[in-house]
Every structure is written in C-alpha cells, then in structure tokens.
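# Structural overview
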Amino acid sequence: MEGQIVKIISNLYTVKVGSELFECSARGKFRELKISPIVGDIVVINKEEKWIKEIKPRKNELKRPIIANVDMALIITSVKKPDLSLNLLDKLLSNILFNKIEPVICFTKIDLLTFKEKLALNKIIAYYKKIGIKVVTNKELKKLKKIMSKKIVVLTGQTGAGKSSLINKLSKELNLATNPISEALGRGKHTTRHVELFKIEDFYIADTPGFSSLDFDNMTEIDLKESFIEFNDYECPFKDCLHENERDCAIKDAVRNKKILKSRYDNYRKFLREVK
Ligand SMILES: Nc1nc2c(ncn2[C@@H]2O[C@H](COP(=O)(O)OP(=O)(O)OP(=O)(O)O)[C@@H](O)[C@H]2O)c(=O)[nH]1
Ligand SMILES: [Mg+2]
Ligand SMILES: [Zn+2]
C-alpha cells in the first residue's frame, strides 16, 4: 500500500493512506542506504506488520524545515515580536528558490505596527511583488486559500512568527498549540516541536518548528547569485561577476539608482561571505 508520511515523532511514522492513518516503523535498511524517511515522503507500507518498505523518489526536499515533495513554501514573516528580519526573509527565499519550490511571503502581526511603520512595510511589499514573488498577510485567508488550492504547502519562519496560529485560522477543526513569544522565549523552547502535515479543504499544509538561524548547506556562490532572481535582469561586463568589488557592475549601479532594494544587496553580500 502506498501512502504519505504526515508526521514523525521519535521512531513512529504516521502514514496516511487515503483517509486512513497507520502508525509505522521504518526498516533498518534505510539506515544502511543512508536515507531517512521524512514528512511528505510517499512510501510503500506493509499494512499487517506496519513497516515502511520503500521510499519513492522525492520531487524535492528541504533541509530546514525537513520535508519532502512540497509545491509551495509560505515564509511566515513577523513584522513585530519578533521584529521584521529581512535578513532571515532573504535567506529563506534563496534557500526555497534554490530547492525549486515556489516561495510566498506571508507577513504577520501587521496590527502591531504604527501608521508610519506600515508605510515603510508597504514599500518593502511592493518591491518583493515587483520582482515576481507573491506577498500576502495572515489576514487574507481567502486569498491564501486560493493560492494554496490543491497544493502541498510548508510553513516556515522564525519561532513565534505565527505559523501555528495561521493554521488554526485556516481550519475550524485543528487547535494547535501557540504561545506568546515572551513566554516561548522564557521557556527557551519552541512551541511546535515536530513537522506535521494537515489536510485543510483542498490543500495540505505543514506546521513546522520555528528557528532563529539558518545556513546555506550546499549552495555555491553561483547558486546564491541565481537565487537573487531580480539580479538576472541585469548584465554585468564580466559574465562571472559576483557583484562584489568588480568594476562596472550592473547590480551595484542598480542599487545606487534604487532599482534594487539596498537591503537585498546588503544581504546578498553577507550571504556570499557565508557561502564562501
Ligand atoms: N498581534 C498579533 N499576534 C499574532 C498574530 N499571529 C500570531 N500572533 C501571536 O503570536 C504568538 C506566536 O504564535 P505561534 O503561532 O505560536 O508562532 P509559531 O510560528 O507557531 O511559533 P513556533 O511553534 O515556536 O515556531 C501567539 O501568541 C499568537 O497569538 C498576528 O497577526 N497579530
Ligand atoms: Mg508553532
Ligand atoms: Zn556585477
């Protein structure tokens, strides 16, 4: 029987076959093959003995959060408590694009901003939209449902950003644990501790534990450069220009002329050092 892993806690794998759930173990052979089943995996199970026998080839795979076969990643980005981090947002964007998954930015906690702060945020929103990325807020539930229709979507973002809260708003039945960040940080723990895939209406959505830092795994400088998708609209005299200290760089010009958001370029330079 073929199904999809929707939850993993310790060594217990919950596999959904049709509308039925089976709690399975994984065979030792996966350890030998140096592959572990992850949430989102399509697997073949032995119904009687409750074993995962086989993992089907993955369409794609994210390392953080760890999940396979997703169509879309919603980057849950809080604008206050925790404060807006364009650094983390750009890092997630690069990572998701590198993994050939469609990113969507979802801003949360806009209600905590002053009028002036909202105006500043609108400029940022306009920029990301201009470069071709979908941007929504966690208040736009109808729009979100339309964007996610028929897709497998993973939520990603900082701890306390409002991932579980959003799922609760999208579904009347689920009642996931959420926590004010002061309390969450005080306890020194993340509220959500495991990846779990839920079906809501006509889409699947995965809640994941938040994080506060992220690295670039196996991305090269070229991968990083290409993941800053708006850079591809410009042509530098040197084909392999990394837009650092090269002369006549079209990207640096575009930043100077305010065609490229300064924070995007600054983050790119920081990430380049990290990748190197
Ligand atoms: N003011 C305001 N608070 C929000 C909003 N969205 C979520 N929150 C609050 O933010 C806190 C953290 O939300 P969670 O949903 O637990 O955050 P999370 O991203 O799931 O956190 P982890 O599970 O630790 O990764 C909770 O107290 C929520 O009520 C929002 O749009 N506005
Ligand atoms: Mg959570
Ligand atoms: Zn350049």
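Residues numbered from 1 in each chain as written. Chains lettered and ligands numbered in written order. Predicted model: local features only at pLDDT ≥ 70, side-chain atom pairs only at ≥ 80, totals over all residues. Heavy atoms only, no water.

Here we come to the coordination of the magnesium ion (ligand 2). Within the first shell, the magnesium ion (ligand 2) binds the protein through Ser-164 (OG) and Thr-192 (OG1), at distances of 2.0 to 2.1 Å. Here Thr-192 lies in the loop between helix H6 (181-187) and strand E12 (196-200) and Ser-164 lies in helix H5 (residues 163-170), a separation of 28 residues in the sequence. Judged by relative accessible area, Thr-192 falls into the buried class, the value being 15%. (Donors = N, O, S within 2.8 Å, 3.2 Å for Na, K, Ca; no water. Helix = DSSP H or I, 4+ residues; strand = E, 2+ residues; numbered from the N terminus. Buried < 20%, exposed > 50% of the residue type's maximum accessible area, 1.4 Å probe, protein only.)

Most of strand E9 (residues 102-108) is tucked away: six of the seven residues are buried. A crossover connection joins strand E8 (residues 72-78) to the parallel E9 through helix H2 (residues 86-98); in handedness this β-α-β unit is right-handed. Note that E9 and strand E10 (residues 134-137) share four bridges and pair parallel. Within E10, the position partnered with Phe-107 by the bridge is Thr-137. (Right-handed = clockwise from strand over helix to strand, strands pointing away. Pairing = 2+ DSSP bridges.)

Once that is clear, we can look at the coordination of the zinc ion (ligand 3). Donor atoms from the polypeptide that coordinate the zinc ion (ligand 3) comprise Cys-236 (SG), Cys-241 (SG), His-243 (ND1) and Cys-249 (SG), at 2.1 to 2.4 Å from the metal. In this structure, the zinc ion (ligand 3) is coordinated by four donor atoms arranged in tetrahedral fashion, with angles at the metal of 103 to 115°. (Tetrahedral: all angles 85-135°; square planar, octahedral: opposite > 155°, others 65-115°.)

The next point concerns the packing of H2 against helix H9 (residues 262-275). The N-to-C vectors of H2 and H9 enclose an angle of 65°; their axes lie 10 Å apart at closest approach. One element, H2, and the other, H9, form an angle in the roughly perpendicular class. Viewed along their axes, H2 and H9 form a crossing whose handedness is right-handed. Contacts from Leu-86, Asn-87, Asp-90, Lys-91 and Leu-93 in H2 reach Ser-263, Arg-264, Asn-267, Lys-270, Phe-271 and Glu-274 in H9. (Axes fitted to C-alpha atoms, helices over the stretch in contact; angles between N-to-C directions. Parallel < 35°, antiparallel > 145°, perpendicular 65-115°, else oblique. Left-handed = near helix turned anticlockwise from the far one by under 90°. Contact = heavy atoms within 4.5 Å.)

Moving on to the packing of aromatic side chains. Evaluated as defined, the whole model comprises seven aromatic pairs. Seen from their ring centres, Tyr-127 and Tyr-128 are 5.9 Å apart, and the 85° between their planes marks the pair as edge-to-face. Summarising the burial analysis for this pair, Tyr-127 and Tyr-128 share the class buried. Where Phe-228 meets Tyr-268, the ring centres are 5.3 Å apart and the plane angle is 70°; that geometry is what we call edge-to-face. One end of the pair, Phe-228, is in the loop between helix H7 (221-227) and helix H8 (250-256); the other, Tyr-268, is in helix H9, and 40 residues separate them in sequence. Each member of the pair, Phe-228 as well as Tyr-268, is classed as buried. Put simply, the rings of Phe-216, Phe-228, Phe-231, Tyr-265, Tyr-268 and Phe-271 touch in pairs and so form one group of aromatic residues. A cation over an aromatic ring shows up here: Lys-199 above the ring of Tyr-204, its NZ or CZ 5.9 Å from the ring centre. (Phe/Tyr/Trp six-rings, centres within 6.5 Å; stacked < 30°, edge-to-face > 60°. Lys NZ or Arg CZ within 6 Å of the ring centre and 35° of its normal.)

Neighbouring ligand 1 are 21 residues; Asp-111, Asn-138, Thr-159, Lys-163 and Ser-165 lie closest to it. One of the backbone nitrogen or oxygen atoms of Thr-191 is found 3.0 Å away from an oxygen atom of ligand 1. With the chains in place, 84% of the 660 Å² that ligand 1 exposes on its own is no longer accessible. According to the grid-proximity analysis, the pocket containing ligand 1 is the largest pocket. When its residues are assigned to classes, the shell around ligand 1 shows four nonpolar, 13 polar and four charged. (Near = heavy atom within 4 Å. Polar contact = N/O pair within 3.5 Å; in protein donor to acceptor, adjacent residues only side chain to side chain. Areas by Shrake-Rupley, 256 points an atom, 1.4 Å probe, with all protein chains shown as cover. 1 Å grid on protein atoms, 1.4 Å probe; cavity = no way out; pocket = protein on both sides within 12 Å on 5 of 7 lines; lining within 4 Å. Sits in = over half its atoms within 2 Å of the grid points. Nonpolar A, V, L, I, M, F, W, Y, C, P; charged D, E, K, R; others polar.)

Another point: the side chain of Asn-138. Mapped onto the secondary structure, Asn-138 falls in the loop between E10 and helix H4 (141-148). Not counting residues up to four positions away in its chain, the partners in contact with Asn-138 are Cys-106, Phe-107, Thr-108, Lys-109, Leu-144, Leu-166 and Lys-169.

In terms of domain boundaries, the protein chain breaks down into domain 1 (2-55), domain 2 (61-207) and domain 3 (221-275). The C-alpha centroid of domain 3 is placed 26 Å from the C-alpha centroid of domain 2. Together, the buried faces of domain 2 and domain 3 total about 1,200 Å²; carbon and sulfur atoms form 59% of this surface. Summed over the shared surface of domain 2 and domain 3, the result is two salt bridges. With a closest N to O distance of 2.8 Å, Asp-90 and Arg-264 form a salt bridge. Our enumeration of links across domain 2 and domain 3 arrives at nine residue pairs in polar contact (both at pLDDT 80 or more). Counting residues per element, the ones that place at least two in the side of domain 2 that touches domain 3 are H2 and helix H3 (115-130). (Domains from an automatic or database assignment. Buried area = accessible area lost by both parts, 1.4 Å probe. Salt bridge = Lys/Arg side-chain N within 4 Å of Asp/Glu carboxyl O.)

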